[in-house]
Amino acid sequence: MDVSGPMVRKYLRQFVAEPKKKIRLKKYDTARVPYKELSTESDDEAKTLLQDLLDKNRRELARAQDLLAASGQYSILIVLQGMDTSGKDGTIRHVMSGVNPQGCAVHSFKVPGAEEHAHDFLWRYEKVLPERGMIGIFNRSYYEDVLVVHVHPDRMELLPSAIGPGNTGFWEGRYKDINAFEKHLVRNGTVILKFFLHISKDEQKRRLLDRLSNQEKYWKFSFTDIAERQYWDQYLVAYEEMLSATSTGYAPWFIVPADYKWVARTVVAEAITSAIEGLHLSYPVFPEEKIRELEEAKKGLEQE
Ligand code: AMP
Ligand code: MG
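By convention here, each chain's residues receive numbers from 1 onward along its written sequence. Labels are handed out in written order, letters beginning with A for the chains and numbers beginning with 1 for the ligands. Thresholds applied to this predicted model are a pLDDT of at least 70 for local features of residues and 80 or more for the giving and counting of side-chain atom pairs; totals over whole chains, interfaces and linings are not thresholded and use all residues. The basis for every side-chain value is the complete set of heavy atoms in the structure, and neither hydrogens nor water enter the calculation.

Draft legend 1. Focus on the packing of aromatic side chains. Planes of paired rings set the category: under 30 degrees apart is stacked, over 60 is edge-to-face and the rest tilted, where pairs are Phe, Tyr or Trp rings (Trp by its six-membered ring) whose centres lie within 6.5 Å. Per the counting criterion, the structure on display carries 13 aromatic pairs. Taken together, a centroid distance of 6.5 Å and an interplanar angle of 80° make the contact between tyrosine 11 and phenylalanine 15 edge-to-face. Buried, partly exposed and exposed residues are distinguished by accessible area as a fraction of the type maximum, computed with a 1.4 Å probe on protein chains only: under 20%, between the cut-offs, and over 50%, respectively. With a relative accessible area of 26%, tyrosine 11 lands in the partly exposed category. Using a relative accessible area of 3% as the deciding quantity, one classes phenylalanine 15 as buried. Here the aromatic rings of tyrosine 142 and phenylalanine 181 are separated by 5.4 Å at their centres, their planes lie at 90°, and the arrangement is edge-to-face. Of this pair, tyrosine 142 sits in the loop between β3 (135-139) and α6 (148-151) while phenylalanine 181 is found in helix α7 (residues 170-187), placing the two residues 39 residues apart along the sequence. Through a chain of ring-to-ring contacts, the aromatic side chains of Phe109, Tyr125, Phe138, Tyr142, Tyr143, Phe181 and Trp253 assemble into a single cluster. Here, a charge over a ring is recorded when the distance from Lys NZ or Arg CZ to the ring centre is within 6 Å and its angle to the ring normal is within 35 degrees. Directly above the ring of tryptophan 123 sits lysine 127, whose terminal nitrogen or CZ lies 3.8 Å from the centroid. In this structure, arginine 174 packs its charged tip against the face of phenylalanine 121, placed 4.1 Å from the ring centre. Note on conventions: DSSP H or I runs of at least 4 residues are helices, E runs of at least 2 residues are strands, and numbering of each starts at the N terminus.

Right under this line is the structure:
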């Protein structure tokens, strides 16, 4: 059986990294505003229109999630990646604010611990995949295992030298493992949506300065963000290689212009709602016998 990817609204396809195509991130404008689609040229109007769309999507998402849970057939896995300050946390907060917390689980992956490093690199992610009927959000993911550790191989788990990152084809092997893992999930009823929140280096500088200029945002600031910023170009190379190798028809990457948060959040919300709606789910239909039993139960209660 061939596996098929998420069905998303047509205009969203422009954000999808075309499978098997070599991705050059320079060609993707981080500050893009979809003026044409919105039929406007004004920033203020675009912002208002996109915020309205986000509100509409929040409502639709709440309904789509209810249907997802009621039908209990599919699960949704949302993967969020992006440089530090790219807006992963804010996107989760804004996009998911209308959904039932019981139908949704967010997992934020940090530096792996000893137990995690003692297993294969997919182990810690596999353990927390969403069950049928649920939306699972990975704030960072197994893609860190071909990103941060690609830039800093010393932060990787210790592998025997014969199979470690010093060998040619090591990273290609990881991409293949990821593609196979995702294919397995899709074949078993998981819809996978992957978002790369693409910001410019200048925008990151602005956001870091904002955190350093506002006492209430100090807690968000991390010195490692400044240290990692020095590796910006190496990260871009790692991202390009990863996006080129792992955007597939069944689990596509969306390259989301993220310099404007109101653009990024709406694109992500649109993609999620349209993918769930594309499943054409329906509430379970009960057989007549069951309906009679339910009616009997109702009558019994009313006569109490
Ligand atoms: P934050 O998301 O800002 O809380 O930071 C989490 C940190 O964990 C980031 O610096 C990531 O690079 C790091 N991290 C996440 N996953 C991995 C991984 N698999 N291997 C090494 N570092 C990771
Ligand atoms: Mg951080």
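Once the structure has been displayed, the description carries forward.
Draft legend 2. Quick look at the pattern of salt bridges. What counts as a salt bridge is simple: a side-chain nitrogen of Lys or Arg found within 4 Å of a carboxyl oxygen of Asp or Glu. Scanning the entire structure with this criterion turns up 19 salt bridges. Between arginine 9 and glutamate 270 there is a salt bridge, and its shortest N-O distance comes to 2.8 Å. Taken together, the positions of arginine 9 in the segment before α1 (35-38) and glutamate 270 in helix α11 (residues 261-277) put the pair 261 residues apart, joining distant regions of the chain. On the accessibility criterion, arginine 9 (24% relative accessible area) is partly exposed. Residue glutamate 270 is classed as buried on the basis of its relative accessible area of 3%. One salt bridge connects lysine 194 with glutamate 182, and the closest N-O pair in it is separated by 2.8 Å. Residue lysine 194 is found in strand β4 (residues 190-198), and its partner glutamate 182 is found in helix α7; the two are separated by twelve residues along the sequence.

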